[in-house]
Amino acid sequence: LPVARERVVDEMRDGVVVLDDSDRVLDLNPAARGIFGLTGERMVGRPATEVIGALAGRIGSGGEGSTLQVTLESAGEERSYEVRVSPLTDRGGHLTGRLLVLRDATERMRMEGELWHNAFYDSLTGLANRALFRDRLELAVHRAKRGGHPFAVFFLDLNRFKVINDSLGHAVGDELLVTVSRRLEACLRPSDTVARLGGDEFAVLLEEVEGVEDATRVAERMQAAISEPIRLPGHEVVTSASIGVALGPVPEGDAELLLRNADMAMYRAKESRVLHYAVFDRAMHEQAVERLRLESELRRAVERDELRLHYQPIVATETERVVCFEALLRWEHPERGLLDPPAFIRIAEETGLIVSIGEWVLREGCRRLREWQQRFPAAAPALTVNLSTRELAHPELVSAVERTLQEAPPLPGTLYLEITEDAMVESPEALERVLAHLAGLGIRFSMDDFGTGYSSLSHLHRLPVHTVKIGRSFIARMGSDAEAREIVRTLVSLARALRMEVVAEGVETEAQRAELRAFGCEYLQGYLVSGPLTVEDAEELLQGEQARVESGAASAG
Ligand code: C2E
Ligand code: CA
Ligand code: CA
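Trainee: How should I be thinking about unusual backbone geometry in this particular structure?
Mentor: The general pattern is negative phi for most residues beyond glycine and trans for most peptide bonds. At the junction of G248 and P249, the peptide bond is cis and its omega measures out at 0° in the coordinates. Considering the arrangement of structural elements, one finds P249 in the loop between β11 (240-248) and α10 (255-272). Although it is not a glycine, R160 adopts a positive phi angle of roughly 65°. Following the sequence through the fold, R160 ends up in the loop between β6 (151-159) and α7 (161-168). What makes R160 partly exposed here is its relative accessible area of 44%. Even without being a glycine, D449 presents a positive backbone phi close to 45°. Examined against the element boundaries, D449 turns out to sit in strand β18 (residues 444-450).

Take a look at the structure:
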């Protein structure tokens, strides 16, 4: 049996070393010789330090019956070993020596390291990921609460990244993210944490800031670094970031809250478009609370029947006849009275509530449209309904429209949906498919606020767009700004050349009307003609129109 045992030990891939009680080598197997780079000579009886080198110094120190991690160099290569050290004793329990078993753990440790790395680092940029960032942030919160330094959390979002990524391809997008990452690192200290939270969102934890000026200075520095032109294969792109800053610690605040605050400040920065960064403050906090309340109230508004539609006439420039109404949403808030869309439409879009609200608008609008067309046949109007980009992307939109058309079919060609230019930017192919489908159902489309977004008229031509609405901002500037007037004139003539209808929005003055008429703009909408009307007022108007047409017909006949 002892012979067999010896064979096993000789064949083992683990290194085995046996030492006596004064740390001299009693025996070692071939694997151990390999590990320590020993050749033919006899090792038995030599001191451990001569044979196993530095490892000898570590086995004595509490190493009994334990496992050590060591890195050894053999054949010019560093390898990691797990060394199990077990005491050898005689029958009386006295220590007679030690048994060392060395197992090669290089591969396992490399894999563990990789797993560890993947769990905490972003694979594309090598930056910390969200989990590690959270961890560091929690640490900073704890430290600061125990009297450590205040710190700052930055939330960054690249502007226009989606456009770049979609138009130039994902490989270019990836390069852009890597470049931005390196630049961010370069303008911070090594003790600060830069993380990629996902997509084009980054976060930075700045340890030890003196005050808000410190933080805004860093925000400006990061902004400057990011907005330098970036040279990528075949392209030079310019981007910028919207940066939100939150200072910590805050009473009662945890890492989660700080990150949310920075995120909210980032949204503020996006809106400002001037500064490109914003610091979270008390007012934002109150706004956040307010927003949450509004959100839950809005959730109930549909079921509590608090939504209303007002109808703004669109008239023919020459005849002043009402040809169409734009359905404009109102919210009869139980405490705050009648609210206009700017007070709640963003929240509705961000929470996805817009989908059910939009469905209600469509149903209510169509029902009204059909009723009016039946009651005022001589003055039968068309109706145009706003559709947010979020609704357009919703898979249920087509079936919701189909249902509505079945319930209350309007006269052919009298239901318009208004879409905005950003819908075209987001995903033009998907949009084309949805619009084509809806157009097949007899729906017409208007391009809302045309000229304020990215698209061009040639783009428009590919879509089944029937009407172009020139945004209020252009009309308002027409009187004082020669360029705006020229843009309006060009838009009108181009749209007409493309056989599209043109509506000028936000017409408030006679001067604007005269100019638009001279340009050949067929339809007008705005306070000069009429603001949005309640159902009753709209019906009164239609009644008048009906009478006018009938008397016109009578006098003509
Ligand atoms: P919009 O589509 O550009 O609608 C025109 C807005 O301009 C309306 O504001 C209208 O009241 C206002 N307006 C009309 N004429 C004039 C004028 O001569 N001067 C000025 N200064 N303003 C004028 P409102 O009703 O507050 O709607 C704001 C925006 O909310 C709309 O802009 C539209 O984008 C959105 N919206 C309204 N209703 C709905 C809806 O049912 N669904 C969706 N998704 N969005 C809606
Ligand atoms: Ca509109
Ligand atoms: Ca508009």
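Trainee: Just checking my understanding: could you explain the side chain of D200 for this structure?
Mentor: Of note, D200 is situated in the loop between β7 (193-198) and β8 (201-206). Buried and without a salt bridge, D200 has K270 as its closest oppositely charged side chain, separated by 6.3 Å. When neighbours within four sequence positions are excluded, D200 is seen to be in contact with L156, D157, L158, F161 and L177.

Trainee: For this particular structure, what's the right way to read the sheet that holds β7?
Mentor: Within the open sheet, the 5 strands sit side by side as β7-β8-β6-β11-β12. Their pairing is mixed. Looking at which strands have only one partner, the edges of the open sheet turn out to be β7 and β12 (277-279). Here the strands of the sheet are splayed against their neighbours by 20° on average, with no regard to which way each runs. Judged from the 5 bridges that link them, β7 and β8 form a sheet pairing that is antiparallel. If you follow T193 over to β8, its bridge partner there is L205. Of the strands in this sheet, β6, β7 and β8 are in contact with helix α8 (residues 170-186), which crosses β8 at around 10°.

Trainee: Would you mind going over the packing of aromatic side chains with me for this structure?
Mentor: Working definition: an aromatic ring pair is given by the centre-to-centre distance plus the angle between the planes. Summed over the entire model, instances satisfying the criterion amount to 5 aromatic pairs. With centroids separated by 6.4 Å and ring planes inclined at 85°, the aromatic side chains of Y311 and F325 adopt a geometry described as edge-to-face. Taken together, the positions of Y311 in strand β13 (residues 307-316) and F325 in strand β14 (residues 322-333) put the pair 14 residues apart, joining distant regions of the chain. Neither Y311 nor F325 differs from the other in exposure class; each is buried.

Trainee: Even after reading the chapter, I still don't get the coordination of the calcium ion (ligand 2), so can you show me in this structure?
Mentor: In an ideal octahedron of six donors the angles at the metal are 90 or 180 degrees, and in an ideal tetrahedron of four donors they are 109.5 degrees. For the calcium ion (ligand 2), the full set of protein donor atoms is E326 (OE), N386 (OD1), E418 (OE) and D448 (OD), and the range of their distances to it is 2.1 to 2.3 Å. In terms of primary sequence, the donors binding the calcium ion (ligand 2) are separated according to E-x59-N-x31-E-x29-D. Here the calcium ion (ligand 3) and the calcium ion (ligand 2) are spaced 3.7 Å from one another, each receiving a donor from D448. In this pair, E418 sits in strand β17 (residues 415-419) while D448 sits in strand β18, placing the two residues 30 residues apart along the sequence. By the burial criterion, E418 is buried, and D448 matches it.

Trainee: Can you help me understand the site of ligand 1 in this one?
Mentor: Close to ligand 1 lie 24 residues; R330, D448, R472, E508 and Y527 are nearest. In the environment of ligand 1, an oxygen atom lies 2.9 Å from a nitrogen or oxygen atom belonging to the side chain of D448. Between ligand 1 and the protein, one listed contact pairs an oxygen atom with a side-chain N or O atom of D449 at 3.4 Å. Protein chains bury 84% of the 790 Å² of accessible surface belonging to ligand 1 in isolation. Sorting the residues of the shell around ligand 1 by element identifies β14, α13 (354-375) and β18 as the ones contributing at least two each. Broken down by element, the shell around ligand 1 gets its largest block of residues, 4 residues, from β14.

Trainee: Looking at this structure, how should I read the coordination of the calcium ion (ligand 3)?
Mentor: For the calcium ion (ligand 3), the full set of protein donor atoms is D448 (OD), D449 (OD), E505 (OE) and E505 (OE), and the range of their distances to it is 2.2 to 2.5 Å. Within one chain, the residues serving as donors to the calcium ion (ligand 3) are arranged as D-D-x55-E. Since its relative accessible area comes to 8%, D448 is described here as buried.

Trainee: Even after reading the chapter, I still don't get the sheet that holds strand β2 (residues 25-28), so can you show me in this structure?
Mentor: What holds strands together in a sheet is hydrogen bonding between their backbones, with the strands either parallel or antiparallel. In spatial order, the strands read β2-β1-β5-β4-β3; together these 5 strands make up an open sheet with antiparallel pairing. Here the strands that pair on one side only, and so sit at the sheet edges, are β2 and β3 (66-74). On average, each strand axis in the sheet is inclined to that of its neighbour by 25°, with strand direction left out of account. Sheet analysis places strand β1 (residues 15-20) next to β2, joined by 3 bridges and oriented antiparallel. Considered in β2, the bridge of V18 is made with D27.

Trainee: Help me understand the pattern of salt bridges, please; the structure alone is not making it clear to me.
Mentor: Should the charged atoms of two oppositely charged side chains come close, the side chains can pair. Tallied over the full model, the rule gives 48 salt bridges. The shortest N-O distance in the salt bridge between E114 and R110 comes to 3.2 Å. Here the residue E114 and the residue R110 both occupy positions in helix α5 (residues 106-120), the gap between them amounting to 4 residues, near one helical turn. A relative accessible area of 42% means that R110 is categorised as partly exposed. A salt bridge links E138 to R134, with the nearest nitrogen and oxygen atoms 3.7 Å apart. Of the two residues, E138 and R134 are both situated in helix α6 (residues 130-145); the distance of 4 residues between them amounts to about one turn of the helix. On the basis of relative accessible area, E138 is assigned to the partly exposed category, the value being 33%. R134 sits in the partly exposed class, given a relative accessible area of 30%. Each member of the salt-bridge network shares a partner with another, and the members are R268, E271, R291, E295, R299, R346 and E350.

Trainee: In this structure, what is going on with the pairing of strand β19 (residues 465-470)? I would like to understand it.
Mentor: Each regular strand shows side chains that alternate between the opposite faces of the sheet. Of all the 6 residues making up β19, 5 are buried; the element is thus mostly covered by neighbouring parts of the structure. Here 4 bridges tie β18 to β19, and the two strands are oriented parallel to one another. Pairing of S446 across the sheet is with T467, part of β19. With 4 bridges joining them, β19 and strand β20 (residues 501-504) adopt parallel strand pairing. Following the sheet pairing, T467 is matched in β20 by E501.

About the thresholds
- Residues numbered from 1 in each chain as written.
- Chains lettered and ligands numbered in written order.
- Predicted model: local features only at pLDDT ≥ 70, side-chain atom pairs only at ≥ 80, totals over all residues.
- Heavy atoms only, no water.
- Helix = DSSP H or I, 4+ residues; strand = E, 2+ residues; numbered from the N terminus.
- Buried < 20%, exposed > 50% of the residue type's maximum accessible area, 1.4 Å probe, protein only.
- Lys, Arg positive; Asp, Glu negative; His and termini not counted.
- Salt bridge = Lys/Arg side-chain N within 4 Å of Asp/Glu carboxyl O.
- Contact = heavy atoms within 4.5 Å.
- Pairing = 2+ DSSP bridges.
- Axes fitted to C-alpha atoms, helices over the stretch in contact; angles between N-to-C directions.
- Phe/Tyr/Trp six-rings, centres within 6.5 Å; stacked < 30°, edge-to-face > 60°.
- Donors = N, O, S within 2.8 Å, 3.2 Å for Na, K, Ca; no water.
- Near = heavy atom within 4 Å.
- Polar contact = N/O pair within 3.5 Å; in protein donor to acceptor, adjacent residues only side chain to side chain.
- Areas by Shrake-Rupley, 256 points an atom, 1.4 Å probe, with all protein chains shown as cover.

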